[in-house]
Amino acid sequence: GIQVEQSPPDLILQEGANSTLRCNFSDSVNNLQWFHQNPWGQLINLFYIPSGTKQNGRLSATTVATERYSLLYISSSQTTDSGVYFCAVEKPGGSYIPTFGRGTSLIVHP
Amino acid sequence: GAGVSQSPRYKVAKRGQDVALRCDPISGHVSLFWYQQALGQGPEFLTYFQNEAQLDKSGLPSDRFFAERPEGSVSTLKIQRTQQEDSAVYLCASSLTTRGREYTGELFFGEGSRLTVL
């Protein structure tokens, strides 16, 4: 199956700092999503981004499908950004099961 | 409903008990997935439904796990004779589109059911 690697595994920031989270995948994909898992465990959709760049407020994401990676940018981080960030990918033409990475755990201190 | 709804949110079971976890997907969503998430890990696939058909159950860890979606809407994940290693959060997700060679789509998750087996 497709392999998904996220880095860094852990990240600690001071409020107001910027950060970049990375998701590498081992094969071509036709779907990539970024999620934020809040402290209560719910996975919140951030971006549906199989390719290209999207922005939503302080967050933006870029997927370069040909090079098999995606980046999630968080600017001017806030304490409410704390939690675990996951990417999930789907491979076309084979298994269509969304496969998750192990996540990046982010702590933002006030 | 507005989102994916799961119940119960929390379940404590004694080892050997049977449990049933319910998922009510977003109305009209064709695809439904169950995932298991252990502490500190990413969600791991369990099973996939397209409408009422269970198209993939390759992720179910043992024959004690059983899932159904008889009318193509609500789904139930049943775990028989629970063991301590079954303790995890069970996540349900739905998606508007089918899955396959050409189709994909955005996943929406419920809040999960946290199972603790004593």
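Higher on the page you've got the structure.
The rules we used
- Residues numbered from 1 in each chain as written.
- Chains lettered and ligands numbered in written order.
- Predicted model: local features only at pLDDT ≥ 70, side-chain atom pairs only at ≥ 80, totals over all residues.
- Heavy atoms only, no water.
- Disulfide = S-S within 2.5 Å.
- Helix = DSSP H or I, 4+ residues; strand = E, 2+ residues; numbered from the N terminus.
- Buried < 20%, exposed > 50% of the residue type's maximum accessible area, 1.4 Å probe, protein only.
- Contact = heavy atoms within 4.5 Å.
- Buried area = accessible area lost by both parts, 1.4 Å probe.
- Polar contact = N/O pair within 3.5 Å; in protein donor to acceptor, adjacent residues only side chain to side chain.
- Nonpolar A, V, L, I, M, F, W, Y, C, P; charged D, E, K, R; others polar.
- Salt bridge = Lys/Arg side-chain N within 4 Å of Asp/Glu carboxyl O.
- Pairing = 2+ DSSP bridges.
- Axes fitted to C-alpha atoms, helices over the stretch in contact; angles between N-to-C directions.
- Phe/Tyr/Trp six-rings, centres within 6.5 Å; stacked < 30°, edge-to-face > 60°.
- Lys NZ or Arg CZ within 6 Å of the ring centre and 35° of its normal.

Q: Provide a residue-level description of the state of the cysteines, including the pertinent values.
A: Considering all chains together, one arrives at 2 disulfides over all chains under this definition. Between the sulfur of Cys-23 of chain A and that of Cys-87 of chain A lies a disulfide, 2.0 Å long from S to S. Taking the sign of the torsion about the S-S bond as the criterion, the disulfide between Cys-23 of chain A and Cys-87 of chain A, at about 70°, is right-handed. Note that Cys-23 of chain A is positioned in strand S3 (residues 19-25) and Cys-87 of chain A in strand S9 (residues 83-90), a separation of 64 residues in sequence. Note on accessibility: Cys-23 of chain A and Cys-87 of chain A belong to one class, buried. Between Cys-23 of chain B and Cys-92 of chain B runs a disulfide, and the two sulfur atoms are separated by 1.9 Å. Taking the torsion about the sulfur-sulfur bond, which here is approximately -65°, the covalent link between Cys-23 of chain B and Cys-92 of chain B counts as left-handed. One end of the pair, Cys-23 of chain B, is in strand S3 (residues 19-24); the other, Cys-92 of chain B, is in strand S9 (residues 88-95), with 69 residues separating them in the sequence. With respect to class, Cys-23 of chain B is no different from Cys-92 of chain B; both count as buried.

Q: Go over the interface of chain B and chain A, please, and point to the residues and values.
A: On the side of chain A, 21 residues touch chain B, which itself brings 24 residues to the contact. Here chain B packs against chain A, burying approximately 1900 Å² in sum over the two surfaces, 51% of which is carbon and sulfur. Where chain B packs against chain A, one counts 7 residue pairs in polar contact (both at pLDDT 80 or more). Of all the secondary-structure elements, those providing two or more residues to the side of chain B that touches chain A are strand S4 (31-37), strand S5 (44-50), strand S6 (53-56) and strand S10 (108-109) of chain B. It is S4 of chain B that provides the largest number of residues to the side of chain B that touches chain A, a total of 3 residues. Along the lines of polarity and charge, the residues of the side of chain B that touches chain A split into 11 nonpolar, 7 polar and 6 charged.

Q: Please provide a residue-by-residue account of the pattern of salt bridges, values included.
A: Within this structure, the stated rule accounts for 5 salt bridges over all chains. A salt bridge links Arg-58 of chain A to Asp-81 of chain A; the shortest N-O distance between them is 2.8 Å. Pair noted here: Arg-58 of chain A is in the loop between strand S6 (52-56) and strand S7 (59-64) and Asp-81 of chain A is in the loop between strand S8 (69-74) and S9, with a separation of 23 residues, a long-range link. Classification of Arg-58 of chain A as partly exposed rests on a relative accessible area of 25%. Between Arg-22 of chain B and Asp-24 of chain B there is a salt bridge whose closest N-O contact spans 3.8 Å. Judged by its relative accessible area of 27%, Asp-24 of chain B falls in the partly exposed class.

Q: Provide a residue-level description of the sheet that holds S6 of chain A, including the pertinent values.
A: Residue and element names in this part refer to chain A. Spatial strand order, S1-S3-S8-S7-S6: 5 strands in an open sheet with antiparallel pairing. Edge positions in the sheet fall to strand S1 (4-7) and S6, since each has one partner strand and no second. When strand polarity is set aside, the average angle formed by the axes of neighbouring strands in this sheet is 15°. Here S1 pairs with S3 via 4 bridges, running antiparallel. Bridge assignment links Gln-6 to a residue of S3, and that residue is Cys-23.

Q: Account for the packing of aromatic side chains, with residues named and values stated.
A: In this structure the tally under the stated criterion is 10 aromatic pairs over all chains. With a centroid separation of 6.2 Å and 80° between ring planes, the pair formed by Phe-86 of chain A and Phe-100 of chain A is classed as edge-to-face. Of the two residues, Phe-86 of chain A is situated in strand S9 and Phe-100 of chain A in strand S10 (residues 99-100); the sequence distance between them amounts to 14 residues. On the basis of relative accessible area, Phe-100 of chain A is assigned to the buried category, the value being 9%. Centroid distance Phe-33 of chain B to Tyr-35 of chain B: 6.3 Å. Interplanar angle 35°. Geometry classified as tilted. Owing to a relative accessible area of 0%, Phe-33 of chain B belongs among the buried residues under this scheme. Each residue in the set Phe-35, Phe-86 and Phe-100 of chain A together with Phe-33, Tyr-35, Phe-45, Tyr-48 and Phe-109 of chain B is aromatic and connected to the rest through ring pairs, giving one cluster. For the cation-ring pair, Arg-22 of chain A lies above Tyr-69 of chain A, with the distance from its terminal atom to the ring centre recorded as 4.3 Å.

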